[in-house]
Amino acid sequence: MTIEAYAKVNFTLEVLGKRVDGYHALRSVVMPISLSDTITLEPAPTLSSDSPYPDDLCLRAARVLHSSIPSPLTSQLSPVSIHVEKRIPAGGGLGGGSADAAAILRALNKFWNMNLRPEELAAIGAQVGSDVPALVLAQHYRAPVLMEGRGERVSLLTPQLSPLSLILVNPGVFSSTPEVFAKCTPHLPEDPTILYNMLSALATGDAAKVAPALQNDLEAPAIALHGEIADAKNTLTEAGALGVVMSGSGSTVFGLVQSEAHGREMAALLTTKGLKAWSVNTLVR
Ligand code: C5P
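Okay, so let's go over this structure. (Residues numbered from 1 in each chain as written. Predicted model: local features only at pLDDT ≥ 70, side-chain atom pairs only at ≥ 80, totals over all residues. Heavy atoms only, no water.)

**Let's talk about the site of the ligand**
Selection rule: Note on definitions. A residue lies near a molecule or strand when any single heavy atom of the residue is within 4 Å of it. For this analysis, a polar contact is any N or O atom pair within 3.5 Å, provided that within protein one partner can donate a hydrogen and the other can accept it, and provided that sequence-adjacent residues contribute only side-chain to side-chain pairs. Using protein atoms alone on a 1 Å grid, points that fit a 1.4 Å probe yet trap it form a cavity, whereas open point sets bounded by protein on both sides within 12 Å along at least five of seven lines form a pocket; residues with an atom within 4 Å of a point count as lining. Assignment to a cavity or pocket requires that more than half of a molecule's atoms be within 2 Å of the site's grid points. Put simply, DSSP H or I for four residues or longer makes a helix, DSSP E for two residues or longer makes a strand, and each gets a number counted from the N terminus. Throughout this entry, Asp, Glu, Lys and Arg are counted as charged residues, while Ala, Val, Leu, Ile, Met, Phe, Trp, Tyr, Cys and Pro are counted as nonpolar. The remaining residues, Gly among them, count as polar.
Close to the ligand lie Tyr23, His24, Leu26, Gly129, Ser130, Arg150, Thr177, Pro178 and Phe181. Within the side chain of histidine 24, a nitrogen or oxygen atom sits 2.8 Å from an oxygen atom of the ligand. Between a nitrogen atom of the ligand and a main-chain N or O atom of arginine 150, the distance comes to 2.9 Å. Comparing atom positions with the cavity grids shows the ligand to sit within the largest pocket. When residues of the shell around the ligand are traced back to their parent elements, those giving at least two are β2 (24–43) and α6 (177–182). Here the shell around the ligand gets three residues from one element, more than from any other, and that element is α6. Classifying every residue of the shell around the ligand gives four nonpolar, four polar and one charged.

This is how it looks when you write it as structure tokens:
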């Protein structure tokens, strides 16, 4: 069985406070994009994964799903080998490891005939990682998702009628999520206009309206740790992208472009300058 593990970018990411469990309270509009890893599952004598991530979320996802099944039934589930063809850069703020975990939950749900709804899989995904619930819903419904709390509260937002075109640039530095969160000052008092402006802009489907509503509270602390992120933002802005912002905890930055053709031209130009750039679309049904 083969499944695409679609990555995400955060169109907004607000850090609203530090929680007693050490995590941060977030509010984020998570948008699935056409950049993906390809995951292949095959029956095997034991559970295994060739994911290149040191902290293998693929295996963790399979084990957490397996342990959610009542024990008399687990002997009927065949183990799988997981093969990951990587395209999403690791440590890039695009949810790479979480996208793989979300796709594995969705694939094993079918492979093991569990018939869980995406919302039930998302709740199980919260035990795997903070971004996993949002990615389960975003990949399944091919629509933006509002993520709140630590990441465990997720709700589907209105699907878009037509895709938005984006250009991504990865500055080639590894941005550590715990380090960036530790350096972040929560954005208080809460500003309800940030989410409102993004939802209103998304409803128009107009890239020029969405661009000024992009926002990420983790960007300033990530830039303080890695100046290369600011350089990548400047490069994208100079190349003509709109509303350039960092995704997640970095280091990838993205901007909106008016058409996919424009995005492809821009990506080709940036690649000739030695940068890692991708032209992608937001997913639509
Ligand atoms: O849940 P996950 O393993 O993806 O989180 C990685 C790290 O990111 C956590 O250890 C924590 O430092 C930070 N984090 C946070 N608040 C969140 C999500 C992640 O502080 N809501």
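After that view of the structure, there is still more to cover.
**Some details on the layout of surface pockets**
Heads up, the condition is: Grid points are joined across faces, edges and corners, and a volume is the space filled by probe spheres set on the points.
For the largest pocket, the calculated volume is near 1,000 Å³. As for the largest pocket, its lining consists of 39 residues, of which Ser98, Asp131, Thr177, Pro178 and Ser249 are closest to the centre. For the lining of the largest pocket, the secondary-structure elements that each account for two or more residues are β1 (2–18), β2, α1 (57–67), α3 (96–111) and α6. Its residues assigned to classes, the lining of the largest pocket comprises 15 nonpolar, 18 polar and six charged. Reported here for the second largest pocket is a volume of approximately 220 Å³. Of the residues that constitute the lining of the second largest pocket, the class distribution is six nonpolar, five polar and no charged.

All quantities given are derived from atomic positions and should not be read as evidence of function.
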